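Chain and residue survey
Here are the chains, one letter per residue:
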Protein chains: 2
Amino acid sequence: MSIQSVTTARAHPTATWERVFEKLDRKGPSLNIQIRRAIVYAIEIGLLVSGDRLPSSRQLSNMLGIARNTVTAAYQMLIDEGVLVSRERSGIFVGDRPATMRRPVTERKPDTIWSKRFAARPSDFRHFNKPRDWLTYPHPFLYGQFDPTIFPINNWREAVRVTSSHQAICGWAGDLIDDDDPDLVEQLCVHVLPKRGIFARPEEVIITIGSQQGLSMLVQLLCGTKTRVGIEDPGYPDMRNMVKLATGGYTILSMDKDGVIPDETFGSCDMAYLTPGHQCPTTAIAPLKRRQALLQKAEANDVLLIEDDYEADLLLENSSELPCLKSLDTTGRVIYVGSFSKALAPGLRIGFIVAHPAVVEELRVLRRLLMRHPPTNNQHILGTFISLGHYQQHLTKTGLILARRAGLIAQLLPKYLPQCSWRRDPGAKSFWIRLPEGCNSRVLEGLARERGVLVEAGDIFFANQQDGVRFMRLGFTSIVESHIESGLAILGSLIEQSRVQH
Amino acid sequence: MSIQSVTTARAHPTATWERVFEKLDRKGPSLNIQIRRAIVYAIEIGLLVSGDRLPSSRQLSNMLGIARNTVTAAYQMLIDEGVLVSRERSGIFVGDRPATMRRPVTERKPDTIWSKRFAARPSDFRHFNKPRDWLTYPHPFLYGQFDPTIFPINNWREAVRVTSSHQAICGWAGDLIDDDDPDLVEQLCVHVLPKRGIFARPEEVIITIGSQQGLSMLVQLLCGTKTRVGIEDPGYPDMRNMVKLATGGYTILSMDKDGVIPDETFGSCDMAYLTPGHQCPTTAIAPLKRRQALLQKAEANDVLLIEDDYEADLLLENSSELPCLKSLDTTGRVIYVGSFSKALAPGLRIGFIVAHPAVVEELRVLRRLLMRHPPTNNQHILGTFISLGHYQQHLTKTGLILARRAGLIAQLLPKYLPQCSWRRDPGAKSFWIRLPEGCNSRVLEGLARERGVLVEAGDIFFANQQDGVRFMRLGFTSIVESHIESGLAILGSLIEQSRVQH
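Residues numbered from 1 in each chain as written. Chains lettered and ligands numbered in written order. Predicted model: local features only at pLDDT ≥ 70, side-chain atom pairs only at ≥ 80, totals over all residues. Heavy atoms only, no water.

**Here we look at the overall build of chain A**
Operational definition: Secondary structure is summarised from DSSP: a helix means a run of H or I of at least four residues, a strand means a run of E of at least two, and numbering begins at the N terminus for each. For the exposure calls, accessible area comes from a 1.4 Å probe over protein chains only, and a residue counts as buried if that area is under 20% of its type's maximum, exposed if over 50%, partly exposed in between. Any two residues whose heavy atoms approach within 4.5 Å at even a single point are treated as in contact. For the purpose of charge, His is not counted, nor are the chain termini; Lys and Arg are scored as positive and Asp and Glu as negative. For this purpose, a charge sits on NZ of Lys, CZ of Arg, CG of Asp or CD of Glu.
Along its length, chain A carries 17 helices and 17 strands. Across its three principal directions, the C-alpha atoms of chain A cover 90 × 60 × 55 Å. By residue count, 61% of the 502 residues in chain A fall in the buried class. Contacts in chain A between residues far apart in sequence, at least 24 positions, make up 74% of those at least 6 positions apart. A distance of 7 Å separates the average location of the 59 positive side-chain charges in chain A from that of its 54 negative side-chain charges.

Right, dumping it as structure tokens:
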């Protein structure tokens, strides 16, 4: 690994070094990290090659206007790793590195035509369309996104630290094949599920990549081309899409203000997808009587129930106990789907299914085939986080913040959106708003976005898009309290304008 | 949140506290963490209730034989979080906590019969069956598992630390919807793919939950019931299972010592699954000429190719450049599947697909529907790890260790397994071994396990299990050098015995 010859070392002009370090950002990660990244990158793209001499630490620290110690430390770490080599009294040089293949200069022939190759065209489906840069909007009335001001950074970091010990890494780096981290499963059974009335054994639980993967696996496992699946309308569009992909269609369930009605249509289904905790998107909480009636009808007609309890854990406003369907179920027909995306952070992608052991067993084999298992280090971090009481503390804190935001919006809506009607049941993290006649929510969504206000047009939730043109969802998990009033004022004026035009 | 009444505080006997802390493990995580976990758990299960008085820090430190400071610090953190409350001159007490629902005492009715409900029965498939506790076996000749002695713990920890800053957490905790961490994609394009001859743009790359998810998504996207898919035999069993699940069958491709033969059967397929880097499981490297011939035939017959390059990045023994199919492809028909499971750690579950942008676009929508995206924090950690040069350093180190193990095994096989023939092409991380006549690899696998030696019976790789009864795979990614010879000696004696019995 010796330098070919120090005498051949290129002495780059200052301009080269300025280019190497052009992306240095004082507001970014530590300068040590940035300097090392920049040098490794410059070598990789061939800007620096084996044998090139680096500026002395004094020169580079002057050039970049940073402490010499920082440069020395970064150089030393790269020397320890073999990226750079130090030759006494000569300086520091770029080390050898494995050969990279040359870029082929072959002529590119016409591409295969792909469209005829696809067995499925997922891109044909309608789906949510949130702007990627939503964090830069002053008034993001979005649902289910992350709020940096709420995330429990220090407690999370502690859990990460605990999970990065030598012993812990040996515990999570291996292949679990079809298994989950037993600690996370235990924490779920002990700390999380009992608060929802679910007393599950470990063999009734499987971890998923968010509830999205939970739902998609259940569709794969349970939906053949002839399975009759009942869905809510308005309802969760991704579930509608997945069911349609698997069975070619779906059955629309009757609904009233309490959610799905246990009528003959419901009874005719093999399986029904329900959100009794907070109906998506209307936020309706199904009363206990309705829940019992749904279960009774399901038993009488042998209907399987998928209960998507996507907003559980944050029902702080609701002091009265309202058991989920799963906790009322005595025949093992309810499959319960949950997630930490809403309560903690969607980027983590951790959800879970609680179901009869026979279902979990098949799901494990299916999941193994689809992707093995959710990353073990994240399971380990989350399990540790819960075990230390951090999750419970986070829920308490978040619940209070969200309840305050909701209260403020409820108080301001009559003032700024008097033309609209709305609904938000206790604990829900969004308002479901009906616009006045002549107002189109998709048009409004576009106009509002131009003014820095993000809302979600409600038509996406409807099987027949036309049914939803006057609805919109107003979320408040990502908007700080101080921006709520000004955002609603803008929204109100836009609604008023569109009515006038109409 | 006040304690109901200090005067009612239960004074638990010592036995209760011994039970609370019975799992304390001096070899486990820090005692601070363990004490907090134990108290939070005891409250959760109702062993301690609101108002209970805790032992003084002096009492507890005496009881557990640990430093008083440790107890004080743990108590203080639980007080800060509201789990415990401190009342001056009275002591420390269990705080209030949200009500947990009572366990229902309903009679359990007969369970729904599940078997008739499943649209698919994944558990019917044959698959690998490695013992969960393989780390406790002295001679784990397993393939693809993690070796705690090789994992770059300190460098990984550095990347974790960088990714746990406030700024970094804000960067990864949100929902990317269908996107990936742009930094990881860039690191792949700059540092990882060019070494395999692939010069891809970001829109040609998508991150997956290991290569397993890459393959399963490709099957879902590209395989309809009538798609003719060619597979290798012996070959990767999970791919065979997935294709069968989607299309009802598969086409077995002809093979010789160089891998798949580009004959008429190959040309008749819509799509073929290939492992030219190292044929799974024979380890055969397809020579350049064979690769070119496969591509030519694929172009002439419009066959799509899925190239599973599961063992790339570790080809240190092979100094000559051998471009992958994807790098030779000029028509965009090769879909390249890769992973960090083999080179880094399977528990991370990070892989990737490089393909035509039209394919990546559909895969993003499909992935969004299936599970949104792989956890962003892990993408961020891995991107940082690569950008600092740690991945390259790790490959160099690992390559040398594995080459030494392979050399030792190659040297010892003639001594201990003279009755067998075997193959291992340069860079492969396993030997493919043919047992003498009358020797059954599944029987051998069981006998060897009893003696502490883990090997993999080869029949699992064959479409017709009977064709593989005399093959076994001997991996060496998880066995330390000093245990190799004794393991081979045991294996050799078992083979000899089974021959005598035959």
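From this point, things continue past the structure.
**Things to note about the confidence of the model for chain A**
Residues and elements named next belong to chain A. In plain terms, the rule: For every residue, the predictor assigns a confidence score, pLDDT, that lies between 0 and 100.
With 93% of its residues at a pLDDT of at least 70, chain A reaches an overall mean of 90. The low-confidence segment residues 1-7 (pLDDT under 50) makes eleven contacts with residues lying over four places distant or belonging to another chain. This complex was scored by the predictor with a pTM of 0.92 and an ipTM of 0.91.

**Some points on the packing of aromatic side chains**
In plain terms, the rule: When the centres of two rings from Phe, Tyr and Trp lie within 6.5 Å, Trp using its six-membered ring, the rings pair. Their planes under 30 degrees apart give stacked, over 60 give edge-to-face, and anything left gives tilted. The criterion for a charge sitting over a ring is simple: Lys NZ or Arg CZ within 6 Å of the ring centre, and within 35 degrees of the ring normal.
A full pass over the atoms with the stated rule returns 20 aromatic pairs over all chains. Judged by centre distance (5.9 Å) and plane angle (65 degrees), the rings of Phe151(B) and Trp156(B) are edge-to-face. Of the two residues, Phe151(B) and Trp156(B), neither departs from the other in class, the shared state being buried. Seen in terms of ring centroids, Trp432(B) and Phe462(B) are 6.3 Å apart; in terms of plane orientation they differ by 25 degrees. Their pairing is stacked. One end of the pair, Trp432(B), is in strand 14 (residues 430-434); the other, Phe462(B), is in the loop between strand 16 (456-457) and strand 17 (471-475), and 30 residues separate them in sequence. Grouping residues by exposure puts Trp432(B) and Phe462(B) together as buried. Following the ring pairs from residue to residue traces out a cluster consisting of Tyr336(A), Phe340(A), Phe352(A) and Tyr391(A). Lying over the aromatic face of Tyr41(A), Lys23(A) brings its terminal NZ or CZ to 5.8 Å of the ring centre. Taking NZ or CZ as reference, Arg424(A) lies 5.8 Å from the ring centre of Phe431(A), over its face.

**Some remarks on the interface of chain B and chain A**
Put simply, the test is: Buried area: the sum, over both parts, of the accessible surface (1.4 Å probe) that disappears when the two are put together. A pair is scored as a salt bridge if a Lys or Arg side-chain nitrogen falls within 4 Å of a carboxyl oxygen belonging to Asp or Glu. Any N or O atom pair separated by 3.5 Å or less is treated as a polar contact, with the protein-specific requirement of one donor-capable and one acceptor-capable atom, and with residues adjacent in sequence counted only for side-chain atom pairs.
Contacts between chain B and chain A engage 133 residues on the former and 133 residues on the latter. When the area that chain B buries against chain A is broken down by residue, the three leading residues are Met101(B), Trp114(B) and Leu369(B), summing to 7%. At the surface where chain B touches chain A, the tally comes to 14 salt bridges. Residues Glu44(A) and Lys195(B) are paired through a salt bridge, measuring 2.8 Å at the closest nitrogen-oxygen approach. Linking chain B with chain A are 52 residue pairs in polar contact (both at pLDDT 80 or more). It is helix 13 (residues 357-371) of chain B that contributes the most residues to the side of chain B that touches chain A, nine residues altogether.

**Things to note about the relation of the copies chain B and chain A**
We apply this condition: Here the copies are superposed with least squares, the fitted atoms being C-alpha atoms of residues at a pLDDT of at least 70 in both.
Superposing chain B onto chain A takes a rotation of 180 degrees plus a shift of 0.0 Å along the axis, which leaves an RMSD of 0.0 Å. Such values leave the two copies arranged in the relation of a two-fold axis. Both copies present the same face, since 100% of the interface residues in chain B are matched by interface residues at the equivalent positions in chain A.

**Focus: the pattern of salt bridges**
Pairing is possible between side chains of opposite charge, provided their charged atoms come close. With the rule as written, the count across this model stands at 42 salt bridges over all chains. Residue Glu158(A) is joined to Arg36(B) by a salt bridge in which the shortest nitrogen-to-oxygen separation is 2.6 Å. Here Arg36(B) lies in helix 2 (residues 31-44) and Glu158(A) lies in helix 5 (residues 153-162), a pairing that spans two chains. Each member of the pair Glu158(A) and Arg36(B) is classed as buried.

**Describing the sheet that holds strand 16 (residues 456-457) of chain A**
For sheets, the rule is that strands pair by backbone hydrogen bonds, running either parallel or antiparallel. Residues and elements named next belong to chain A. The following threshold applies: By the convention used here, strands pair only if DSSP detects at least 2 bridges between them. Fitted lines through C-alpha atoms serve as axes, helices being fitted only where they are in contact, and the angles separating the N-to-C directions of these axes extend from 0 to 180 degrees.
As summarised here, the arrangement of the four strands in space is 13-14-17-16, forming an open sheet in which the pairing is antiparallel. Every other strand in the sheet has two partners, leaving strand 13 (421-423) and strand 16 as the edge strands with one partner each. Relative to strand 17 (residues 471-475), strand 14 (residues 430-434) runs antiparallel, the two being bridged by five bridges. Looking at the pairing, arginine 434 lines up with phenylalanine 471 of strand 17. Along the sheet, helix 15 (residues 390-416) makes contact with strand 13, strand 14 and strand 17, crossing strand 14 at roughly 20 degrees.

**Focus: the sheet that holds strand 10 (residues 304-308) of chain B**
Residue and element names in this part refer to chain B. The strand order 4-12-11-10-9-5-6 describes an open sheet built from seven strands, whose pairing is mixed. In the strand order of this sheet, the two ends are held by strand 4 (205-208) and strand 6 (251-252), each with one partner. Examined bridge by bridge, strand 4 and strand 12 (residues 351-354) share four bridges and lie antiparallel to one another. Each bridged residue has a counterpart across the sheet, and for valine 205 the counterpart in strand 12 is valine 354. Lying over the sheet, helix 8 (residues 210-222) contacts strand 4, strand 9 (271-274), strand 10, strand 11 (334-339) and strand 12, oriented at roughly 155 degrees with respect to strand 11. Contacts from helix 13 reach strand 4, strand 11 and strand 12 within the one sheet, and its direction differs from that of strand 4 by about 30 degrees.

**Regarding the pairing of strand 10 of chain B**
Residue and element names in this part refer to chain B. Going by this rule: With the strands pointing away from the viewer, any crossover whose connection runs clockwise from the first strand over the helix to the second is right-handed.
Within strand 10, five of the five residues are buried, which leaves the element mostly enclosed by the surrounding structure. In terms of strand pairing, strand 9 meets strand 10 through four bridges, oriented parallel. Bridging from a neighbouring strand, methionine 271 pairs with leucine 304 of strand 10. After leaving strand 9, the chain enters helix 11 (residues 288-301) and then returns to the sheet as strand 10, a path that is right-handed. Bridge count for strand 10 against strand 11 is four bridges, and the pairing is parallel. Note that in strand 11 the partner of glutamate 307 across the bridge is tyrosine 336.

**Here we look at the pairing of strand 12 (residues 351-354) of chain A**
Residues and elements named next belong to chain A. Alternating positions in strand 12 separate into two faces, Gly351 and Ile353 on one and Phe352 and Val354 on the other, with burial throughout. Here four bridges tie strand 11 (residues 334-339) to strand 12, and the two strands are oriented antiparallel to one another. Bridging from a neighbouring strand, serine 339 pairs with glycine 351 of strand 12.

**So, unusual backbone geometry**
A cis geometry characterises the amide bond from Asp233(A) onward to Pro234(A), with omega recorded as 5 degrees. Counting through the fold element by element, Pro234(A) comes out in the loop between strand 5 (229-231) and helix 9 (237-247). The omega angle of the peptide bond from Cys280(B) to Pro281(B) is 10 degrees, so this bond is cis rather than trans. Note that Pro281(B) resides in the loop between strand 9 and helix 11.

**Focus: the side chain of Asp233(A)**
Residue and element names in this part refer to chain A. Note that aspartate 233 resides in the loop between strand 5 and helix 9. The buried charged residue aspartate 233 lacks any salt bridge, with arginine 240 as its nearest oppositely charged partner at 4.5 Å. A distance of 2.8 Å separates a polar atom in the side chain of aspartate 233 from the backbone nitrogen of alanine 463. The contact partners of aspartate 233, leaving out residues within four places of it in the chain, are Arg240, Ile252, Met255, Phe461, Phe462 and Ala463.

**Side note on the packing of helix 7 (residues 182-192) of chain A against helix 2 of chain B**
For clarity, the threshold we go by: Any angle from 65 to 115 degrees is called roughly perpendicular, while one under 35 is roughly parallel, one over 145 is roughly antiparallel, and all others are oblique. All residues other than Ala, Val, Leu, Ile, Met, Phe, Trp, Tyr, Cys, Pro, Asp, Glu, Lys and Arg, Gly among them, are scored as polar; the first ten of these are nonpolar and the last four charged.
Running from N to C, helix 7 of chain A and helix 2 of chain B cross one another at 40 degrees; their axes reach a closest spacing of 10 Å. Classed by the angle they form, the pair helix 7 of chain A and helix 2 of chain B counts as oblique. Contact residues: Asp183(A), Glu186(A), Gln187(A), Val190(A) and His191(A) in helix 7 of chain A; Arg37(B), Val40(B), Tyr41(B) and Glu44(B) in helix 2 of chain B. Here the residues of the contact of helix 7 of chain A with helix 2 of chain B sort into three nonpolar, two polar and four charged.

**Quick notes on the packing of helix 16 (residues 441-450) of chain A against helix 17 (residues 484-501) of chain A**
Residue and element names in this part refer to chain A. The line we're drawing: Here a crossing is called left-handed whenever its near helix is offset anticlockwise from the far helix by less than a right angle, and right-handed whenever the offset is clockwise.
Two elements in contact, helix 16 and helix 17, have axes separated by 10 Å at closest approach and are oriented at 135 degrees. Classed by the angle they form, the pair helix 16 and helix 17 counts as oblique. For the crossing formed where helix 16 meets helix 17, the hand is right-handed. Counting all contacts with helix 16, which are made through Leu444, Leu447 and Ala448, the residues of helix 17 involved are Leu491, Leu494 and Ile495.

**Examining helix 5 (residues 153-162) of chain B**
Counting buried residues in helix 5 of chain B gives seven out of ten residues, a clear majority hidden from the surface. Considered for burial, the residues of helix 5 of chain B that qualify are Ile153(B), Asn155(B), Trp156(B), Glu158(B), Ala159(B), Val160(B) and Val162(B).

**Observations concerning the environment of Arg126(B)**
Residues and elements named next belong to chain B. In this structure, arginine 126 sits in the loop between strand 2 (91-94) and strand 3 (139-140). Between the alpha carbons of arginine 126 and isoleucine 460 there is a distance of 7.0 Å; along the sequence they are 334 residues apart. Those residues in contact with arginine 126 that sit more than four places away from it in its chain are Arg240, Asn241, Asp459, Ile460, Phe462, Ala463 and Gln465.

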